[in-house]
Amino acid sequence: MNMAADNDPETEVFEITDFTTASEWERFVSRVEEVLNDWKLIGNSAGRSAPEKGGYTTGTWLEKSQDINFADFKFYISHFTLKQDSENDNEKNVLEEDAFPSAMQDLLCMNNDFPPRAHCLVRWYGIQEFVVITPGTNCEAIISESKCNLLLSSISIALANSGCQVPMFVQIQQKWRRMYAGECQGPGVRTDFEMVHLRKVPSQYNHLSGLLDIFKSKIGCNLSPPPPINIAIRFTYILQDWQQHSWPQQPPDFDTLLGGEVGGVEFGKLPFGACEEPISELHLAATWPHLTEGIVVDNDVYSDLEPLQAPHWSVRVRTAENPQCLLGDFLTEFFKLCSKKEATEEFLGRGLAEEEGQENTDISSALSRLTEPTATVPISKLSVSNMVHSARKHIRRHRRVAESPLNNDVLNSVLLCLFPDAAGEKSSDNSKNKPAQSNVCGKAEQDKNSDYNIYLQLKSAPIDSLTYRLALCVCLINYNHGGLRAVAHLWQEFVLELRYRWENNFLIYGLAGGPPDLRCCLLHQKLQMLNCCIERKRARDEARRAQEGSKQRERRSSQNGRPTSDSTAPSATKEASSGKSWDSWSDSEDEFFECVSDQGETELSHTEGEKDGSKNKAEGRLHPYNNTILLNSTEPLYIPITQEPAPMTEDLLEEQSEVLAKLGTSAEGSHLRARMQSACLLSDMESFKAANPGCVLEDFVRWYSPRDYVEEQAEDESGNKVVKGELSARMKIPGNMWVEAWETARVTPARRQRRLFDDTKEAEKVLHYLAMLKPADVTRHLLPCILHSAILKLKEEESIEDIPSVRKSIQQSTSQASKLLHPPNYDYKKIEDFINQLIAMETVITRARSLKAKFSICEGEKGEDTEELEKFVSSLLEEPEVEVIGAGQGPAGSIIHKMFINAQRAALLSALEEDLSSDRKQTGGSNKVPDFPPPAGREILLRTCVPRPTPYSKALPQRLFCVLMKEEFRLAGAFSSDTSFF
């Protein structure tokens, strides 16, 4: 053929079939052998030691998988094995060559008969290592008998060729049926794994005696007497009726404003608990682990298998999937607000638009009346704040009740929760002292409770702050009182209240004093900034009133011919009347007065000036500076009263840094940047000049920046050592900003300087910022606070139930939240996942609470029993199945028994009522109610060791696992035979 092809390539080539080429089936078998070799499953497997009791559940199962193909049909081949201790691995070297495979030994092992959490093949056959071949994800099931036999032949050949002693299974039929067939080969022995699966239990096999008949006929043992058959039985009973057990959720408090809400929530507190039973079922497994034929009777007429007589009880609980929980619902609904786009005007704009024209005329006429000198109305009643207050009433009066998202009772309750100081008279003394008291309480709590500082990790707000309470109120209003519209209404009223307090000099309750805390959320910083503005404005107004009062006293004393005593100065401060002064509306930018104490210092400087006429220009002195003398005079150097630097929120700081960065690196840009940053320096220089007449720049540097004044010891003309000083090198650079600022600085005390911090302008900026926020923006600002509150609520509830796993999860979630909430732009997908984690923790706590209530742990009548029951309930939450100590006679067993009795009685009563309604005739005789319902599932395990296939073969393990349920009948058999001569 080759010669013909070489001579004439155009001639037709004959097709020759090479029968030595491997077929698809042979390639598949070869591929299975390659995988077994790669996984090192070749050779004797008898070195594995028998697992300890409970090892299948507590041990670690290792799994690895690969893809293999049979032609175009895709399969997964997977290897499952129980991880062994390293000590046992060395035993393989000293094994006998003819030892049985490990899987055959596992068939008779009784340590792990009914593992609660394991692969189904592990439960049915008790093996600790096996290989499974399953069809691919989108492949058809292996249904036809010919295909099943082909696969079984393939694995049989692969096992024989490779010498693998690990059992191998093939999944056949539909996947939901969990049908497997398999084989295990050893030296001269083979075990066949067979399975039967039916939808209904045949009547002749619905009891132990019928199943024994199947087992005996299958193993075909002709020995006399027959070897004993070991029997293990487990009956599972399901309890679903919890009507006799109170659900541990707080009943609603109908006396509160929110009466009727499950859980009795109130403003300022997040609710907690499940709205439905979180435990759906309790499964009781009664086990007889070691029985033999003849000890127990179980046939179609009579059964000895009573659950109360079972030596072992174990319990597992089935939990409700995603039960409705209050905290989770509140958080979820609050989080949904963050994605809304509606503005406040879209909800409340109609009422505002109707009155807009009239309100504008009202305010404009009020302003014109304020400018008229012959006003008949008192000035205090014509302030802008009063006009805003009257406009608010006007809006409410003309807005129909049906249109108002929040009724007045709810709204007033919320505002009272947010501003508790509004309950009493809003005197300036009260509003000034109350925030200070709040801060003292906060510090005491901070010392006692480490949870107080969580807000620093979450960039939230202190738990005693207005921002924190606002987040809780918004969350409750959103869930219970109208959703987004109600939140928009509350926010509008909140901003109006803030404006009212700003206009009337009332400090905002529940905010720490001082500049904005950049460690808190931006909304909290804005509220602190507004409070700073109110404090500055109050101080300026009170100082001005004190100054006017002192002038009046001077005039009266001059008229009476008496000098003014110093003791009257403090009383003048106390005479400052509360309320709104006209001076607040006529503030000039050229005037400033920081605090009341400045007035006393100014008077002190004036009295000193009277003693010495050369010093009468000194103003704004605080106290001498370390006995330092001015360089050009013999006067002491005084520290001046200076303006405090302007407080800033983080968004203003970021905005300022962007402006400075845009100036560039040019000489002009650098100079302009320096001038912008030297406003505070210039103010301090002017204050210093006013407090120290005749001073020079060196004097200022000695106080303001001592390191820039270099002192050296030198000798004068007479040889005496003196200290001489000069400015540092950087101060002598031409064009130095300090020198330029000193030359332009005027002699002006702080009280007469232009304000560094324009509180009026900054307050209006804050109020405008808040008024422009959409409800979604508000919720985004408050999101850290509400998550902070949720974590604290979970901590509080967990401390009551004491669940270690939840405690650990809370710690992990806190550190996770600190990473989620610090970036300026939140990752809302991750935050949603985080909220789901919090919901999962709430669910676990509610399950623990439900179980404790069912097992009467709260009563605590018996100390020892209570401790045992607490441990039992804790194990139920952590473990898949828990053994009941003492079975039906122990404390937990007695309670479970009573639960089933109550459920049976309730079921019988409902059945009797139905019978009575349909048929009034009742048959005589006493119908005793059984303590337990019929078992929902019965598992019977039969084991023996008999010679097969002939009486003189080796005695090999035989096993049959039977599952009998209402709609399932399964027989999983492992039958071994001697292949040495057969």
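Residues numbered from 1 in each chain as written. Predicted model: local features only at pLDDT ≥ 70, side-chain atom pairs only at ≥ 80, totals over all residues. Heavy atoms only, no water.

*Asks:* What is the right way to read the overall build of the protein from this model?
*Replies:* For the protein, the helix and strand inventory stands at 30 helices and 17 strands. A burial count over the protein gives 47% of its 982 residues as buried. Sequence separation of 24 or more characterises 75% of the internal contacts of the protein that already satisfy a separation of 6 or more. Roughly 51,100 Å² of accessible area belongs to the protein as shown, and the carbon and sulfur atoms make up 50% of that amount. (Helix = DSSP H or I, 4+ residues; strand = E, 2+ residues; numbered from the N terminus. Buried < 20%, exposed > 50% of the residue type's maximum accessible area, 1.4 Å probe, protein only. Contact = heavy atoms within 4.5 Å. Areas by Shrake-Rupley, 256 points an atom, 1.4 Å probe, with all protein chains shown as cover.)

*Asks:* Can you help me understand the confidence of the model for the protein in this one?
*Replies:* The predicted structure's coordinates, where accompanied by low pLDDT, should not be read in detail. Of the residues in the protein, 74% reach a pLDDT of 70 or more, and the chain-wide mean stands at 77. Every residue in residues 251-265 scores below 50 in pLDDT, and together they form 28 contacts with partners more than four places removed in sequence or on other chains. Long-range and interchain partners of residues 425-448, a stretch whose pLDDT sits below 50, account for 33 contacts in this model, where long-range means more than four residues apart. (pLDDT = per-residue confidence, 0-100.)

*Asks:* Would you mind showing me how to read the packing of aromatic side chains here?
*Replies:* Using the criterion set out here, one finds 31 aromatic pairs in the structure. With a centroid separation of 4.9 Å and 40° between ring planes, the pair formed by F28 and F70 is classed as tilted. Of the two residues, F28 is situated in helix α2 (residues 24-38) and F70 in strand β1 (residues 61-70); the sequence distance between them amounts to 42 residues. The same class applies to F28 and to F70, which are both buried. Their ring planes at 25° and their centres at 4.1 Å tell us that F330 and Y479 sit as a pair that is stacked. Pair noted here: F330 is in helix α9 (residues 326-337) and Y479 is in helix α15 (residues 466-480), with a separation of 149 residues, a long-range link. Classification of F330 as buried rests on a relative accessible area of 2%. Overall, Y479 belongs to the partly exposed group, its relative accessible area being 28%. An aromatic cluster of at least three residues, connected via ring pairs, comprises F688, F700, W703, Y704, W738 and W742. Lying across the ring of W502, K537 places its NZ or CZ 4.2 Å from the centre. (Phe/Tyr/Trp six-rings, centres within 6.5 Å; stacked < 30°, edge-to-face > 60°. Lys NZ or Arg CZ within 6 Å of the ring centre and 35° of its normal.)

*Asks:* Help me understand α15, please; the structure alone is not making it clear to me.
*Replies:* The periodicity of an α-helix, 3.6 residues per turn, causes residues three or four places apart in sequence to face the same way. Between its first and last C-alpha atoms α15 spans 21 Å; for 15 residues at 1.5 Å apiece the expected length is 21 Å, and the two agree. In terms of burial, α15 is largely enclosed, as 14 of its 15 residues are buried. G482, located one to two residues past α15, shows a positive phi value of around 120°. (Expected span 1.5 Å × (residues − 1).)

*Asks:* What exactly am I supposed to notice about the packing of helix α27 (residues 804-820) against helix α28 (residues 828-854) here?
*Replies:* To describe two helices that pack against each other, one gives the angle between their axes and the distance between the axes. As a packed pair, α27 and α28 sit with axes 11 Å apart at the nearest point and diverge in direction by 165°. On the basis of the axis angle, α27 is roughly antiparallel to α28. For the pair α27 and α28, the sense of crossing is left-handed. Contacts between α27 and α28 involve V806, S809, I810, S813, Q816, A817 and L820 on the former and, on the latter, K830, I831, F834, Q837, L838, M841, V844 and I845. Among the residues forming the contact of α27 with α28, the class breakdown is ten nonpolar, four polar and one charged. (Axes fitted to C-alpha atoms, helices over the stretch in contact; angles between N-to-C directions. Parallel < 35°, antiparallel > 145°, perpendicular 65-115°, else oblique. Left-handed = near helix turned anticlockwise from the far one by under 90°. Nonpolar A, V, L, I, M, F, W, Y, C, P; charged D, E, K, R; others polar.)

*Asks:* Honestly, the pattern of salt bridges in this entry has me stumped. Any pointers?
*Replies:* Opposite charge on two side chains permits them to pair, given that their charged atoms come into close proximity. The final tally for this structure, using the stated rule, is 31 salt bridges. A salt bridge links K74 to D67; the shortest N-O distance between them is 3.6 Å. A relative accessible area of 31% places K74 in the partly exposed class. The exposure class of D67 is partly exposed, given its relative accessible area of 43%. For E497, the salt bridge goes to R501, with nearest N and O atoms at 3.1 Å. Of this pair, E497 and R501 both sit in helix α16 (residues 483-503), four residues apart, which is roughly one turn of the helix. Per residue, the accessibility class of E497 equals that of R501, and both read buried. By sharing partners, the salt bridges in this structure join K793, E797, E801, R849 and K852 into a single network. (Salt bridge = Lys/Arg side-chain N within 4 Å of Asp/Glu carboxyl O.)

*Asks:* How should a nonpolar patch on the surface be read in this particular structure?
*Replies:* There is a patch of nonpolar side chains on the surface, built from W25, L150 and I157 and spanning about 220 Å² of accessible area. With respect to the helices and strands, L150 occurs in helix α7 (residues 145-162). Judged by relative accessible area, L150 falls into the partly exposed class, the value being 36%. (Patch = residues over 30% accessible without salt bridge, like charges linked within 9 Å, V, L, I, M, F, W, Y side chains within 5 Å.)

*Asks:* Would you mind going over unusual backbone geometry with me for this structure?
*Replies:* For residues besides glycine, phi is generally negative; the peptide bonds are generally trans as well. Between R948 and the following residue, P949, the backbone shows a cis peptide bond with an omega angle of 5°. Note on placement: P949 falls in the loop between β15 (937-947) and β16 (955-965). Even without a glycine there, the phi angle at N627 is positive, about 55°. Despite not being glycine, D802 has its phi angle at roughly 60°, a positive value.

*Asks:* Looking at this structure, I do not really get the side chain of S953. What am I missing?
*Replies:* For S953, the position within the fold is in the loop between β15 and β16. A distance of 3.5 Å separates a polar atom in the side chain of S953 from the backbone oxygen of R948. Of note is the side chain of S953, whose polar atom sits 2.7 Å from the side chain of T950. Setting aside residues up to four positions removed in sequence, S953 forms contacts with P947, R948, D978 and F982. (Polar contact = N/O pair within 3.5 Å; in protein donor to acceptor, adjacent residues only side chain to side chain.)

*Asks:* So what exactly am I meant to see when it comes to the pairing of strand β17 (residues 968-978) here?
*Replies:* Consecutive residues of a regular strand have side chains that alternate between opposite faces of the sheet. When you tally the buried positions in β17, you get eleven out of eleven residues, the bulk of the element. Judged by which residues are buried, β17 turns out to be covered on both faces: E968, R970, A972, A974, S976 and D978 on one side and F969, L971, G973, F975 and S977 on the other are all buried. When strand β6 (residues 189-198) meets β17, the two strands line up antiparallel, connected through ten bridges. The residue bridging R190 from the neighbouring strand is S977, located in β17. In this sheet, β17 lies alongside β16 in antiparallel orientation, the contact comprising eight bridges. Each bridged residue has a counterpart across the sheet, and for M965 the counterpart in β17 is E968. In textbook terms, the turn of a hairpin is the stretch between consecutive antiparallel strands, and for β16 and β17 this stretch comprises two residues. (Pairing = 2+ DSSP bridges.)

*Asks:* What is the right way to read the packing of α16 against helix α25 (residues 759-771) from this model?
*Replies:* α25 packs onto α16 with a crossing angle of 170° between their chain directions and a minimal axis gap of 10 Å. As judged from the angle between their axes, α16 and α25 are roughly antiparallel. Packed against α16, whose contacting residues are W491, V495, L498, R499, W502 and E503, the element α25 presents D759, T760, A763, E764, L767, L770 and A771 at the interface. Of the residues belonging to the contact of α16 with α25, the class tally is eight nonpolar, one polar and four charged.

*Asks:* Can you walk me through α28 in this structure?
*Replies:* Compared with an ideal rise of 1.5 Å per residue, which puts 27 residues at 39 Å, α28 spans 39 Å between its outermost C-alpha atoms and is within 8% of the ideal. Of the residues that open α28, the one with a side-chain oxygen 3.3 Å from the backbone nitrogen of K829 is D827. In the stretch just after α28, S856 is the one whose phi turns positive, near 55°.

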